[in-house]
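Below are the chains, spelled out letter by letter.
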Amino acid sequence: MTPLSKALDQGFKYLLLALVLITLIVTVSVIVLLTKESSGFFSQVPLGEFLFGKEWTPLLEPKSFGVLPLVNGTFMIVFGAIGMALPAGLFVATYLNEYATDRTRSYIKPALEVLAGIPTVVYGFFALTFVTPILKTMFPEIQIFNAASGAIVVAIMVLPMIASLVDDGFRSVPRALREGAYGLGANSVEVITQVVIPAAGTRITAAVVLAISRAIGETMAVTLAAGATPKITANPLESIQTMTAYIVQVTSGDVQAGGIEYQTVYVVGALLFVITFMMNVIGNIVLSKPVMEAR
Amino acid sequence: MSDPILGVKNLSVYYGESQAVKHVNLGFKDKSVTAVIGPSGCGKSTLLRALNRMNDFIPNVRIEGEVKYRNQNIYGKSMDPAEVRRRIGMVFQKPNPFPKTIYKNIIWGPKINGYKFDPDELVEKSLKGAALWKEVKDRLHDSALALSGGQQQRLCIARAIAMSPEVILMDEPCSALDPKSTLSIEELIGEMRKNYCIVIVTHNMQQAGRVSDDTAFFYNGDLIEFGATKKIFTNPDNSQTEDYITGRFG
Amino acid sequence: MSPHRRRMNKAFKWCCRITTYGAIGVLALLLFHIAYEGMSWISWDFITNFPSRKAEKAGIYTALVGSVYVMVITTLFVVPFGIGTAIYLEEYASQKSLFIRFVKLNIANLAGMPSIIYGLLGLTLFVRIMGLDRSILAGSLTLGLLVLPVIIIASQEAIRAVPQMVREAGFAMGARRYQVVIWQVLPAAIPGIMTGIILAISRAVGETAPLIVIGALSYVAFLPEDMFDMFTVLPVQIYNWAGRPQPEFHSLAAAGIIVLLAFLFTLNSIAVLIREKFQRYKL
């Protein structure tokens, strides 16, 4: 009996280990397929032209493969969204941590979770049919598809994530540190801005990095609201196109597999992967470290 | 007086760099109760957990020396730790019945270990052995978590008995209980002495005095003194033991 | 305290409060806007009709059925893998091992990988290499990979929350680790794991981008018969309607969103119920 149960235990262990390996296989597969398809692309288009070219017209003649317009579009959304969501997230986290009673907190936290759980296509619809018309009353020259509307809804989407990560960061700041500052006669705004935020600094950085990564990868809201016009611009009232929106545009059409148009999807995907991968690694490493030893 | 059924030889236990048990030699006799006493942090629980390899589950623990059960080193290469724990049962500080029925709590161990048994008979025998039968015989299929703390602890003892071990280790079994439940456990230990080798760790000296035949006093990881409980409590050889017994420290 | 400092403090507090309630206000606004746009289109016909090029005849039946199919098949695939991985990481793996730390970082990264990249993976691996075509199976596998890290992380948390003494009680009776895991740890962790799974699956139900990439069609005029059939799901159908210029299709999209949110709300209510029901069995 004993050797059997011992063998079963070992068998169970290796079976589970095999399951663990699947997560590694997923990452490896993504890297392999993006590399493979991209290498086909780069045999025809030089890397420099792709990275620094200012025209992106792979589906139209004359074809041009400069990715900067898509990068420009993506980062307009990202800067706009984070620019709004970071201060808002700090305020919300502060409110939850310093001012809200436990009771209020128990209402607000789930409400923020609902906000985070709403599918992105719903945000896209909201941007298109609610945010843009409102913006139009303020800026009559705004285009139907525009970066501003996309950035606003992406800000709403990443707000719960920033607020919750910053909230965790605030909570990890030792009580004694706060009480020390209060004991010296500081008021809450001074304690938060001069003690709590600096002490939770790395966590806040991680929150921002992960939120940026999330905003870069965000697809449906910007596909629906921000348009399909790759261009280099700084005007948020114009139509743009993000990297993700480009992938959706091509894959939902009927471009033939194998051609260079098709490969552009993987190249843009590879660029998206590299950027978000680096940010996720940095963000997750920071998050996995304890903020301070004492609690 | 019989030979020790369980003994430790030059046993040291380390947590990372710090040594919690230092070169201890000690024997536990069959069908008798040995109390292990000492101030908290003296290594008595660590020693106890070394006796049935429960320390295996704590990261960074390292063991040197031998623990001999029926003349076999339980840390020997060919030893199966699960087999060791079947023979040497354990009762923990806080009652930890499984969140299942009373009945299932008893038969789980024998079942997964492939013992052949009549479940009803085993449940009755084990519960009687733990002086719990009368109180629960009508609600064997109720959740064990509905029992009082003292009853839960006796259920844990019954669960250990069901495995028919020869040795039962008890790690401060009454520290989470009220005085009345404590009394019932102590009476039970008195009964169980007839059949088992019991090693009980306790910080309560009166308890050690009441239930044990022999007492080992630990301080700072060292075994300071070991002998018949009567002698340790009335006329210890070592002045540290005397200071502790009389309440001068600890 | 000087009056200036006091004013600053007060202003700051109000800023925090207004932003927080503002965020909740936005949620209310969003829900209200969608209800206002779509409520009048909700009818039994809308739910049971097939899609149509004419807005007034269009329904969401195929998408709803597609979503249910995808949800069930994704769950069947991903749950054993997710729980199994979590068990290994929490119960068997050495926490100091460099390999395990690498695996955990990788899982956290996968959880943050853009969903559209999962779409590209699914398109290449399932649709083309494995030849599953644009089938329910291909879509479910893709979404399965997408939510796998989420399920692993949630299961790990639930397993970690089981008190150590439950394991010790098992080991002290000579049980092997697999016996302790299967009979003691998992039953105690199941409510937490189920809650995590339901939340992850609701995420899968709301996903659009990866399914568009693998080619979940938005005009499917028949019900799928098995998991190798073509399909569409609620969010893809909504995307398709929302992308049309005519306002009546926007109303259809809003009605579709109401159905999707109701679907998600039901799933989440089940998660809450499970959490409530099992809370009292906690040790």
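Worth saying up front: this structure is predicted, and the values here are computed from it rather than measured.

Re the overall build of chain A
Logical step 1: Counting its regular elements, chain A contains 12 helices and 0 strands.
Logical step 2: Each helix and strand of chain A, ordered N terminal to C terminal, gives the series α-α-α-α-α-α-α-α-α-α-α-α.
Logical step 3: With the C-alpha coordinates aligned to their principal axes, the bounding extent of chain A is approximately 75 × 70 × 35 Å.
Logical step 4: Of all 295 residues assigned to chain A, the portion counted as buried reaches 55%.

Concerning the overall build of chain C
Logical step 1: The helix and strand inventory of chain C stands at 11 helices and 0 strands.
Logical step 2: Each helix and strand of chain C, ordered N terminal to C terminal, gives the series α-α-α-α-α-α-α-α-α-α-α.
Logical step 3: Viewed in the frame of its principal axes, chain C has a C-alpha envelope of about 70 × 70 × 35 Å.
Logical step 4: Looking at chain C alone, contacts between residues at least 24 apart form 73% of all its contacts between residues at least 6 apart.
Logical step 5: In the form shown here, chain C has an accessible surface area of approximately 12100 Å², with 67% of it arising from carbon and sulfur atoms.
Logical step 6: Taken together, the 24 basic and 14 acidic charged side chains of chain C have centroids lying 17 Å from each other.

Remarks on the interface of chain C and chain A
Logical step 1: Taken together, the contact pairs 74 residues of chain C with 77 residues of chain A.
Logical step 2: For the pair chain C and chain A, the summed buried area comes to about 6600 Å², and 77% of that belongs to carbon and sulfur atoms.
Logical step 3: Of all residues in chain C, C:F12, C:Y88 and C:R176 bury the most surface against chain A, accounting for 9% of the area lost on that side.
Logical step 4: For the pair chain C and chain A, the interface holds 2 salt bridges.
Logical step 5: A salt bridge links C:R5 to A:E190, with the shortest nitrogen-to-oxygen separation between them at 2.7 Å.
Logical step 6: Taken together, the links from chain C to chain A amount to 18 residue pairs in polar contact (both at pLDDT 80 or more).
Logical step 7: Per-element tally for the side of chain C that touches chain A: the top contributor is helix α1 (residues 3–38) of chain C, with 20 residues.
Logical step 8: Of the residues contributing to the side of chain C that touches chain A, the split by class is 52 nonpolar, 15 polar and 7 charged.

Examining the packing of helix α12 (residues 260–288) of chain A against helix α5 (residues 115–129) of chain C
Logical step 1: Two elements in contact, α12(A) and α5(C), have axes whose closest approach is 9 Å; the angle formed by their N-to-C orientations is 135 degrees. In terms of axis orientation, α12(A) runs oblique to α5(C). Remark: the crossing between α12(A) and α5(C) carries left-handed chirality. The residues of α5(C) that touch α12(A), namely those facing A:Y262, A:V265, A:Y266, A:G269, A:L272 and A:F273, are C:I116, C:I117, C:L120, C:L123, C:T124 and C:R128.
Logical step 2: Here the contact of α12(A) with α5(C) is composed, by residue class, of 9 nonpolar, 2 polar and 1 charged.

Observations regarding the domain arrangement of chain A
Logical step 1: Taken domain by domain, chain A comprises domain 1 (2–31) and domain 2 (70–288).
Logical step 2: Computed over C-alpha atoms only, the centres of domain 1 of chain A and domain 2 of chain A are separated by 36 Å.

A look at the interface of chain B and chain C
Logical step 1: Taken together, the contacts link 25 residues of chain B with 20 residues of chain C.
Logical step 2: Here chain B packs against chain C, burying approximately 2000 Å² in sum over the two surfaces, 61% of which is carbon and sulfur.
Logical step 3: Together, B:F57, B:W108 and B:I112 form the three largest contributors to the area buried by chain B at its contact with chain C, with a combined 27%.
Logical step 4: Applying the counting rule to chain B against chain C returns 2 salt bridges.
Logical step 5: Residue B:R49 is joined to C:E168 by a salt bridge in which the shortest nitrogen-to-oxygen separation is 2.6 Å.

Thoughts on the domain arrangement of chain C
Residue and element names in this part refer to chain C.
Logical step 1: As assigned here, chain C comprises domain 1 (3–41) and domain 2 (46–279).
Logical step 2: For domain 1 versus domain 2, the distance between C-alpha centres works out to 31 Å.
Logical step 3: Each partner contributes to the interface: domain 1 provides 7 residues, whereas domain 2 provides 12 residues.
Logical step 4: Between domain 1 and domain 2, a total of about 710 Å² is buried, with carbon and sulfur atoms accounting for 80% of that surface.

Quick notes on the packing of aromatic side chains
Logical step 1: Inspection of every chain in the model, using the stated rule, returns 22 aromatic pairs over all chains.
Logical step 2: Where B:F98 meets B:W108, the ring centres are 5.0 Å apart and the plane angle is 65 degrees; that geometry is what we call edge-to-face. One end of the pair, B:F98, is in the loop between β6 (88–91) and α3 (102–112); the other, B:W108, is in helix α3, with 10 residues separating them in the sequence.
Logical step 3: With a relative accessible area of 1%, B:F98 lands in the buried category.
Logical step 4: For the ring pair C:F32 and C:Y36, a centre distance of 6.2 Å and an interplane angle of 25 degrees mean the geometry is stacked. Residue C:F32 and its partner C:Y36 are both found in helix α1; the two are separated by 4 residues, about one turn of the helix.

So, the pairing of strand β8 (residues 197–201) of chain B
Residues and elements named next belong to chain B.
Logical step 1: Along β8, 5 of the 5 residues are buried, which leaves the element largely enclosed by surrounding structure.
Logical step 2: Taking every second residue as pointing to the same face, both faces of β8 are buried, with C197, V199 and V201 on one and I198 and I200 on the other.
Logical step 3: For strand β3 (residues 32–37) and β8, the ladder comprises 5 bridges, and the chain directions are parallel. Looking across to β8, one finds that V36 is bridged to V201.

Digging into the sheet that holds strand β4 (residues 61–69) of chain B
Logical step 1: The strand order β2-β1-β4-β5 (chain B) describes an open sheet built from 4 strands, whose pairing is antiparallel. Strand pairing shows two members of the sheet lacking a second neighbour, β2 (18–29) and β5 (72–73) of chain B, which therefore form its edges.

A few points about α3(B)
Logical step 1: With 9 of its 11 residues buried, α3(B) lies for the most part within the structure.
Logical step 2: Of all the positions in α3(B), only B:I102, B:Y103, B:N105, B:I106, B:I107, B:W108, B:G109, B:P110 and B:I112 are classed as buried.
Logical step 3: Along its buried surface, α3(B) packs onto α4 (119–129), α5 (133–136) and α6 (149–162) of chain B together with α7 (164–171) and α8 (177–206) of chain C.
Logical step 4: Backbone geometry just downstream of α3(B) places B:G114 in the positive-phi region, at approximately 75 degrees.

Some words on helix α6 (residues 136–160) of chain C
All names here are of chain C.
Logical step 1: Under the 1.5 Å per step criterion, the end-to-end length of α6 is 34 Å for 25 residues, consistent within 8% with the ideal 36 Å.
Logical step 2: Bending of α6 peaks at approximately 40 degrees at the position of V147, with proline P149 no more than four residues after it.
Logical step 3: Most of α6 sits inside the fold, with 21 of its 25 residues counted as buried.

About the criteria used
- Each residue is numbered by its place in its chain's sequence as written, counting from 1.
- All chains are assigned letters beginning at A, and all ligands numbers beginning at 1, according to the order in which they are written.
- Thresholds applied to this predicted model are a pLDDT of at least 70 for local features of residues and 80 or more for the giving and counting of side-chain atom pairs; totals over whole chains, interfaces and linings are not thresholded and use all residues.
- As a convention, hydrogens and water are excluded, and side-chain values are obtained from all of the structure's heavy atoms.
- The helix and strand labels rest on DSSP assignments: H or I over at least four residues marks a helix, E over at least two residues marks a strand, and numbering proceeds from the N terminus.
- Relative accessibility under 20% of the residue-type maximum defines a buried residue, over 50% an exposed one, and the middle range a partly exposed one, all with a 1.4 Å probe and only protein chains included.
- When checking whether two residues touch, look at their non-hydrogen atoms; a contact exists if any pair is within 4.5 Å.
- Per-residue accessibility takes into account occlusion by the displayed protein chains alone, with areas from the Shrake-Rupley method and a 1.4 Å probe.
- In this tally, Lys and Arg are treated as positive and Asp and Glu as negative; His is ignored, and so are the chain termini.
- Lysine's charge is taken at NZ, arginine's at CZ, aspartate's at CG and glutamate's at CD.
- Buried area, as used here, totals the accessible surface that two parts lose on assembly, with accessibility defined by a 1.4 Å probe and the loss added over both.
- The term salt bridge refers to a side-chain nitrogen of Lys or Arg lying within 4 Å of a carboxyl oxygen of Asp or Glu.
- Residues adjacent in sequence count toward polar contacts only when both atoms are side-chain atoms; beyond that, a polar contact is any pair of N or O atoms within 3.5 Å, and within protein one must be able to donate a hydrogen and the other to accept it.
- Residues are sorted three ways: Asp, Glu, Lys and Arg are charged, Ala, Val, Leu, Ile, Met, Phe, Trp, Tyr, Cys and Pro are nonpolar, and all the rest, Gly among them, are polar.
- Axis definition: a line fitted to C-alpha atoms, limited for helices to the stretch in contact. Angles are taken between N-to-C directions and run from 0 to 180 degrees.
- Any angle that is under 35 degrees is reported as roughly parallel, and any over 145 degrees as roughly antiparallel; angles of 65 to 115 degrees are reported as roughly perpendicular and all others as oblique.
- It is the rotation of the near helix from the far one that decides the hand of a crossing: anticlockwise by less than a right angle makes it left-handed, clockwise makes it right-handed.
- Start and end positions for the domains come from either an automated domain assignment or a database one.
- Each aromatic pair joins two rings of Phe, Tyr and Trp (for Trp, the six-membered one) with centres within 6.5 Å, and gets the label stacked for planes under 30 degrees apart, edge-to-face for over 60, and tilted for any other angle.
- When DSSP finds two or more bridges between two strands, those strands count as paired.
- Helix span is expected to be 1.5 Å times the residue number reduced by one.
- By definition, a residue's bend is the angle between the axes fitted to the seven residues ending there and the seven starting there.

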